[in-house]
Structures are given as structure tokens and as C-alpha cells.
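Structure assessment
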Amino acid sequence: MEDKDKKIVSLHLKLMPYLEKYGILLLLVIMILVMHILQPDVFLSWRNVTNVFKQISWQSMLALGVFMVIVTAGIDLSVGSIMMLSLMILAVVAKAGAPWYIVVITPLIAGFLCGLFNGLGITLLRMPHPFIMTLGTLYIFRGTGNLISGGTPISGFTDEVRYLGHGRIDLQWLGLEKSQYLPVSLVLIAIVYIIFWIFLNHSKTGKWIYAIGGNPNAARASGINVNKILVIVYSLCGFLSGIGALILAGRTDSGYPNAGLQSELDAIAACIIGGASFFGGRGTVLGVFAGVMIMGILRNGLNLMDVSSFWQQVLIGSIIVLAVYVDVLRRDLGTRK
Amino acid sequence: MSATTNPLLEAKGITKYFGTITALENVNLKVYAGECLGVVGDNGAGKSTLMKVLSGLYKPSAGSLFFQGKEEILESPRDSQNLGLEMVYQDLALAGNLPIGENIFLGREPTKNLGFLKLLDFSKIKELTNAHLDKLKINVKSADQKVEELSGGQRQAVAIARSTAFNAKVVIMDEPTAALAIKEVGKVLDLINSLKKTGVGVIVISHRMDDIFTVCDRVMALFQGTNFAEANLSSTSRDEVIGWIMGKK
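Here the residue numbering is sequential within each chain, running from 1 through the sequence in written order. Each chain takes a letter, starting from A, and each ligand takes a number, starting from 1, following the order in which they are written. Under the rules for a predicted model, residues below a pLDDT of 70 receive no local features and side-chain atom pairs below 80 are neither given nor counted, while totals for whole chains, interfaces and linings still include all residues.

Helical segments are the DSSP runs of H or I of at least four residues, strand segments are the runs of E of at least two, and each set is numbered from the N terminus. When its secondary structure is counted, chain A shows 13 helices and four strands. What you see for chain A is a C-alpha radius of gyration of 21 Å, in line with the 20 Å of a compact globule of 337 residues. Expressed along its principal axes, the backbone C-alpha trace of chain A runs to roughly 80 × 55 × 40 Å. The buried share of chain A, taken over its 337 residues, is 42%. For this measure, only C-alpha atoms enter the radius of gyration; the expected value for a globule follows 2.2 Å times N^0.38, where N is the number of residues. Put plainly, a residue is buried at 20 or more neighbouring C-beta atoms within 10 Å of its own, exposed at 12 or fewer, and partly exposed in between, counting only other residues' C-beta atoms, which are placed from the backbone.

So, in C-alpha cells, the structure goes:
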């Protein structure tokens, strides 16, 4: 009897690392299956799947940026405002008649500079917590965005500017129909996520980002310039928000004052659902992707079933709590007693 | 140990202020190759501050550091590491979420080039870690084990392994046995003895007379931020050293 117990214990100790790594994908697959059973004709259709990816495209950029920040045990509340400000700058520059390659670069630079501002504020002004700095810039950036645009939407961009958010990659050469295209934003998500996966897992800077989240004193004692790494992380987070702005410009063909309102909370939710720890040092790029997908699929599936958006809010909130509770249980099982 | 050669590390007239507080005043310290120097003192005597000055984490308000006879100015722990001066912190300074190997090489990871990219060389980290742990006779299940899964003694061993992985000449240990179970203390003291044999100069800060009298060759006491007393271990006793800690000669 005791032997059997021991066997079970050692089995789940062996399975734990895999569950920790891939458990969230399991949840994603289950959700896809449930949605498919509930909506067999529509859910997995080409049109709907590409639709989901188009819908999550800009959120996935914000979530990835916030994820890196959360790994350092920080938080960035300003990503939605960075995206809005970058979008407004893009719109103003586009309206002023700048050539498309300038218009495309402006939100990236604007986003990067906003993130740099956050990073320098947190480190140089020695804010007690990134929450405070980025709460401040949440207001500052959105206010600035409204100031430069006059608080009104600015619409109408050229096709080149809209390419990343609205472009299609024709697949007719593969013998597919014209409606079965690949959204450019899907390819963009894949490329950006792969680049950041390599960066976080296989570069020195990426390893140091995890080390800072695990124990900032250890990182400092190892000769790592913690403040420099933090500035890099917040700048990259802003840069990704800038990419989000560029995608959003393509999707909506407009810069509008409410862009990205509360999307920082969606981004944080996706990270948490994807298994990132608020205490830092834990979480994977794959997990964030799964978190973004879970939220996207939930919204999409509930829309398909005509469930009111109020219920969507209730469900997403429940999933956040549930996902973290499962994580707590998993940790309980994973530690030897 | 030989007193005739130059000291590996020498601190002269180290003074450190924190605002209006004087943490250290005109403190001198020497350590030779293959020697273990014990530093004792009551809480607040300035032991940890002195060690942080030696490791480059704090800049002294006055005084100078000489390494192998040459004056050095340390701007950061990276500078002291480059000289071969390593520190094992009391709070261990390990990242629990990273594996043993990545902790040992944290900040100095070996890389390989993939085209224009410089990527971490995980197989080299593992190989070097295993070789180094073997050399120090430290037993762990695997170099891939996360540090948070280790016992206190294993963590201390990893911290010491970390400090000696890059041909350290001087290793400074702040309370190396404070957080350990009794049977783990012996292993850590053995580790210190084997470091001495390889010619490393070791500085041990400790409250425990047992530690000092097991591994050290010389002992110095700090009292209220100043040098109070110093002696070879053979010419002093536990009671005398305890007296120094309390400020009695």
C-alpha cells in the first residue's frame, strides 16, 4: 500500500514539469474542442479562425510586452495609453501627408520612447513601484494623445500603412479559394512571438530578465546592471505597444480617442491566465500566447452563440480566478511534503 | 600560509558613512593566499558593510583597496569579480527560479555564435557546472534542478560553487553557516578547507566560534566600526575572542 502511494507521488512529481510547461495548452485545446462541439459549422471555419487571429492581433502585442514586465516582478498599466498615443501620432503624421514609410515607423518610435520614459521614471526617479509610474503615464499618454489630435478621430490611411493590420496573403497558388487567405497580422504575431521567445530564453539579457524577477539582489550581486535591464524591458514593452498601434491603424483605418481603453487589463489578464506569476521570474512566451488565444476564443465563441457581452465579462473574470487557483493547486501537488 | 609574501588583498583606512552614521572608521584588513581570515563582531559592528566595500557593492567614503599589491578602485561587483574577488552573501544571492547551472554562471554565461546572434550555450553551462560541482565534491541530483527545490545546505554549496567557478583568488563569505542544519555545517566547513588548499584566500564572517576555530588561521574583531583586535588562532582562545566581540580586551 505504501509502495503504491509512493509510486503515485513520484509519478505526479515526474509529470509536474510537463504540466507546468504545457498545461495551459491543454486548457486551450479543451476550449477549442468545446467551442467546436457547440458551433460545429462555424467555429473552425477558415473565416472564423482567421477572424480570431485578426481580433487578437494587437492585444497579443500588448500582452507580450506586459508579460516581460511581469517577469521582472513589475507591472505596466500604460500599454493601452501608449498604443493610443502612438496611434494618434501615426494618424496626425499620416494626415500631414508624410510618405508611408515614415508613417509606419512613427508609432514604433513613439511607443519605444513612451516605454523608455516609463523605464527611466521607474529607475531614475526611484519610484517605489512600477505601478505608480505607469499609472501616472496611463493618464499622461492618453491625455497627450487627445491633445495632439484634438480629441476627435482621424481616419483614412493608405494601403501600405494598413498592410500589417489589414493585409492578406493570397493562398490561391496552393489551390485554395480566394476567401481562404492568411491575414498578415497572423504572420506578424508568429514572427514577433518567435523572436521574443528566442530573446527571453536564449539570450543573456533574456536570462537576466528572469533572474531579476527571481531575485533582484542576486542579479545585482552577479554584476548585472538591473536598472539598465529594466529600462530595456519597459522600452521593449512600449515598442510592442507601438506595433499594436500600427496593427490597430490597419484594422480600423482610424485613430480614435478610445483606442486601447482598458486593454492594459486585458493584457495583464492574458499573462495571468497564461501562467505568469505576479511575483516575477515565472511564465513562458508560449503561455502568454495561450492566454491571449483563450481570451480571444472565449469572446469569439460567445459572440457566435449570441451571448451578451456582459456575460463575457463575467466569464473572463471567472477564468482568471480559476486559472490562478489551478496554479495554486498545482504548486501544492508539486511540492513534497 | 606564509606571512612573508605580499597579501592577496589589503584594505587600508576604509571609512564608510551612511548619512550621519559612521559605519566604518579607518579599518584595515589583510588576507594572504591559502589563508582563512575570520572576521568577528557584534551586530552593527560593520562586518557586512566592510565586506560589501571589499566586493565593490558599496564605495568607501575614504580609504583604499590593494589587490596583489596594486591599488584598485571598484565601481561595481563586476569589477571585483574581474579581479578574482568573489562574495558569498548571507542571503545567498541566488535566483530560486533558475537552475543550479544558470545560477552559477549568472551574469557570466558562456555563449555560442549562431550567425550574428549570440545565444546562451546551455550544454556548455551544464558540462562546466557538473565538472565544477564534482571538483568541489558537491552532490546534487542534476545541474538542471531549480535552486528553490534545494535544501539550505545545498543552496549554500551552490553559492560557494558560484563564487569559485571563475578561478577566484579571494572568496568572502558572510555567515556561511548561519542558516544551516548542524550536519550541513560540517560539509560547508570542509568546502572552505578544500578552497584553502587550492591557494584561495578566504574571509569568513561568522558569529559561531566553532566555525572560526575550525577553519580560520587568523581572526580579527571589529567593534563599533573600528579595528579592535587581531591574533593568530594559535595564540588566542574562544573566551578571548568572545570578549573582543563585546568590546573587552
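Now, onward.
To continue, consider the nonpolar core. Residues of type Ala, Val, Leu, Ile, Met, Phe, Trp, Tyr and Cys that are buried and joined through C-beta atoms within 7 Å form what is called a nonpolar core. Counting 152 residues, the largest nonpolar core has A:Val66 and A:Cys271 as the members making the most contacts within it. Sort the elements by how many residues they give to this core and helix α10 (residues 226–252) of chain A lands first, with 15 residues.

All names here are of chain B. Should DSSP find at least two bridges between two strands, the strands are taken to pair. Strands sit in the order β2-β1-β4-β5 across an open sheet of four strands; the sheet is antiparallel. The open sheet has two edge strands with one neighbour each: β2 (21–31) and β5 (70–72). Here the strands of the sheet are splayed against their neighbours by 30 degrees on average, with no regard to which way each runs. Here helix α1 (residues 47–54) sits on the sheet and contacts β1 (9–18), β2 and β4 (62–67); the angle it forms with β1, its principal contact strand, is near 115 degrees. To get an axis, fit a line to the C-alpha atoms, keeping to the stretch in contact for a helix; angles then go from 0 to 180 degrees between the N-to-C directions. Note on contacts: each residue gets a C-beta atom placed from the backbone, and two residues are in contact if those atoms are within 7 Å.

Once that is clear, we can look at unusual backbone geometry. What you tend to see is this: most non-glycine residues have negative phi, and most peptide bonds are trans. The backbone of A:Arg126 shows a phi angle near 50 degrees, a positive value even though the residue is not glycine. Here A:Arg126 is to be found in the loop between α4 (100–124) and α5 (130–149). The exposure class assigned to A:Arg126 is exposed, which follows from the 8 C-beta atoms found within 10 Å. Unlike most non-glycine residues, B:Asn26 shows phi in positive territory, near 50 degrees. Residue placement: B:Asn26 occurs in strand β2.

On to the environment of A:Ile82, then. Residues and elements named next belong to chain A. Note that isoleucine 82 resides in helix α3 (residues 79–95). Here the alpha-carbon distance between isoleucine 82 and alanine 245, two residues 163 residues apart in the chain, equals 8.4 Å. Ignoring any residue separated from it by four or fewer positions in sequence, one finds isoleucine 82 in contact with Gly111, Cys114, Gly115, Phe141, Gly238 and Ser241.

What follows is about the interface of chain B and chain A. Often the size quoted for an interface is simply the accessible area lost on bringing the parts together. Contacts between chain B and chain A engage 20 residues on the former and 18 residues on the latter. If you list the elements that add at least two residues to the side of chain B that touches chain A, you get α2 (77–83) and β8 (117–120) of chain B. The dominant element in the side of chain B that touches chain A, judged by the number of residues it contributes, is α2(B), at three residues. For this classification, Asp, Glu, Lys and Arg are treated as charged, while Ala, Val, Leu, Ile, Met, Phe, Trp, Tyr, Cys and Pro are nonpolar and the rest, including Gly, are polar. Of the residues in the side of chain B that touches chain A, the class split is 10 nonpolar, six polar and four charged.

Residue and element names in this part refer to chain B. Inspection of the secondary structure puts glycine 63 in strand β4. Each C-alpha atom of the pair glycine 63 and lysine 16 lies 8.8 Å from the other, and the pair is 47 residues apart in sequence. In contact with glycine 63, not counting residues within four places along its chain, are Ala11, Lys12, Gly13, Ile14 and Thr15.

Once that is clear, we can look at helix α5 (residues 152–164) of chain B. Residues and elements named next belong to chain B. If you check α5, its first and last C-alpha atoms are 19 Å apart, about what 13 residues at 1.5 Å a residue would give, namely 18 Å. Taking burial as the measure, the 13 residues of α5 include 10 buried ones, the bulk of the element. Among all positions in α5, only Arg155, Gln156, Ala157, Val158, Ala159, Ile160, Ala161, Arg162, Ser163 and Thr164 are buried. Buried positions along α5 lie against β6 (85–88), α3 (100–104), α4 (122–135), β9 (170–174) and α6 (182–197). Helix span, expected: 1.5 Å multiplied by one less than the number of residues in the helix.

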